[in-house]
Amino acid sequence: MISKKTEEQGENKMEKIISLCKRRGFVFPGSEIYGGLANSWDFGPLGVELKNNIKTEWWNRFVRRRADMVGIETALIMSPKVWEASGHLKEFSDPLVECKKCHSRFRADQDNGSLKAELVFLKEAEADGENPMKVSGKVVRYRLSGKCPVCDSPADADSFTSPASFNLMLKTFLGPAQEKANEVYFRPETAQGMFVNFKNVLNTTRRKLPFGIAQIGKAFRNEITPGNFIFRTREFEQMEIEYFIPEPKADHDWQKYFEHWKNEMKSWLRDLGVSESRLHFEDIPEGERAHYSKRTMDVEYDFPFGRKELYGLAYRGNFDLSAHAQGSGEDLQYTDPETGAKFIPHVIEPTWGVERTALVALLEAYSEEKTPSTDGEGEARTVLKFPFWLAPVKIAVLPLSKKEELSAFAKPLFETLIQHFACEYDETQSIGKRYRRQDEIGTPFCVTVDFDSLKDRAVTVRHRDTMEQERVPIENLVAHFSEKFAR
Ligand code: ATP
């Protein structure tokens, strides 16, 4: 339970981050000049760099630098038969309840303040008339209590609809005729692209088990209650791996791969600068897991708005490939090259959300500090203390003033540095204000060109975190920074 004070501080922090993101060009409200589209967000010049840094690092770490991984990029719109076989059309649903008085809609399985919902698991046989629904292969029922968080109506049958299954698949039509035969769906996850291409990848790459297929891409879900900035949106990006393993003879045979991916997720989060104390690796109890999963884990983070899922990790058995073998009639078995044994591989699935990663990175990096100033008064500065690899801008080149001689020196320097690192050139306002502006977007180093530079051909390099300054000859600058940014 988070205290009221922490909650207020948290809300405050979210507001500050949302405002910084808009002011500095990380994230803009979607379709803003037309009054916006609720819960849609556009990534600005710094936001797209931040996301790209996340995706590139992920790809290099988990695909490029591993002999047991390959990448793939599959279509956003796939045959509806894919979603039928995977079970999404039937079961990819959230429990929706509606207040009959004010018509507000809520997800019964989420924290809705004064509206409480008790989850009851049922056996198939008990799935009677009292609104049972199927979620991830489980038959469940929700019992409501409390009151509507919007209009205070009591959560009884007079004021509330019973929880009903609401399918999250986003539907559209392919071709000019808007008829049933042309109905298709935007993918709600990237995973199925890997499963339906398993055979193609196997045939073209001749990989041996264990090996993984990775994909980064958009996913769409018609979420009932999007919100909390970029935490829950209807359009988002996933970074996902399907790691195929031999048919296990004993639990240890899959557990070792599960542990491997859990550790990989931990080390990823460490390198992202996330404090361990705000992370929770939560095993989902047996009764709440999908029937085909022997182990599922939510990686949760203490967001300012509560403890929520950041990433997921699941051992899915051979459910997915078996479902597609059955749905498509294709043989999706693997033949062991040594024994000749044929079997459907099992799979471990770690999943990362790109926007949730960006949000956590912003929350962890955000800091407000008092700095000593020349007149002895503490001055406030906001700093995004991103790990260097994540910072959208690595170096800012700042001539002390707009004087012609200084720009003539600083501009070619900037042109050289930008060939190697993401750089900004800024000559407006006072140097103090420009430092603050770079601190606020998390730029690790500022390079100041002053009148001495013209004589000694050296510049002042100022460090974001310590604010220490050092003089560096310009001919050493590229090497100096290459060393700083080396990983
Ligand atoms: P939640 O319980 O928060 O709805 P989920 O369990 O449905 O999430 P998964 O299906 O496991 O999520 O999706 C994998 C990852 O994709 C999540 O861990 C998260 O990082 C990201 N993700 C899922 N839904 C959204 C969304 N609506 N907006 C942004 N990211 C999302």
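Look up: the structure comes first, before these words.
The sections below set out a description of the structure shown in this document.

### Section: the sheet that holds strand 15 (residues 279-283)
Here seven strands make up an open sheet; going across it, the order is 3-13-14-20-17-16-15 and the pairing mixed. Two strands bound the open sheet, and with one partner strand each, they are strand 3 (69-71) and strand 15. Neighbour to neighbour, the strand axes of the sheet diverge by 25 degrees on average, direction disregarded. Note: strand 14 (residues 235-245) against strand 20 (residues 346-353), six bridges, orientation antiparallel.

### Topic: the pairing of strand 16 (residues 295-303)
Pairing of strand 15 with strand 16 involves five bridges; the strand directions are antiparallel. Bridge assignment links Asp283 to a residue of strand 16, and that residue is Met297. Count of turn residues in the strand 16/strand 17 (residues 306-315) antiparallel hairpin: two residues.

### Points about helix 11 (residues 431-441)
For helix 11, the set of buried residues is Arg434, Tyr435, Gln438, Asp439 and Ile441. Just downstream of helix 11, Gly442 is the residue with a positive phi angle, here 85 degrees.

### Things to note about the environment of Pro210
Structurally, Pro210 can be placed in the loop between helix 6 (198-205) and strand 13 (211-220). Separated by 33 residues in the primary sequence, Pro210 and Tyr243 have C-alpha atoms spaced 7.1 Å apart. When near neighbours in sequence (up to four residues on either side) are disregarded, Pro210 contacts Asp68, Tyr243, Phe244, Ile245, Pro246 and Tyr257.

### As for unusual backbone geometry
In this model, Leu209 is joined to Pro210 through a cis peptide bond whose omega is -5 degrees. Notably, His103 is not glycine yet its phi reads approximately 60 degrees, a positive angle. With a phi angle near 60 degrees, Gln429 is a residue other than glycine that sits in the positive phi range. By secondary structure assignment, the location of Gln429 is in the loop between strand 24 (423-425) and helix 11. Classification of Gln429 by C-beta neighbours within 10 Å gives exposed; the count is 11.

### With respect to the nonpolar core
If you look at the biggest cluster of nonpolar residues, it comprises 66 residues, and the most contacted ones within it are Tyr243, Ile348 and Ala358. Looking at which element gives the most residues to this core, the answer is helix 7 (residues 251-271), with seven residues. Beyond its immediate chain neighbours, meaning those up to four positions away, Ala358 contacts Leu50, Lys51, Ile54 and Ile230. Core analysis: the second largest hydrophobic core is formed by 17 residues, Ile395, Val397, Val449 and Val459 among them.

Conventions and cut-offs
- Residues numbered from 1 in each chain as written.
- Predicted model: local features only at pLDDT ≥ 70, side-chain atom pairs only at ≥ 80, totals over all residues.
- Pairing = 2+ DSSP bridges.
- Helix = DSSP H or I, 4+ residues; strand = E, 2+ residues; numbered from the N terminus.
- Axes fitted to C-alpha atoms, helices over the stretch in contact; angles between N-to-C directions.
- Buried ≥ 20, exposed ≤ 12 C-beta atoms within 10 Å, placed from the backbone.
- Contact = placed C-beta atoms within 7 Å.
- Core = buried A, V, L, I, M, F, W, Y, C linked by C-beta atoms within 7 Å.

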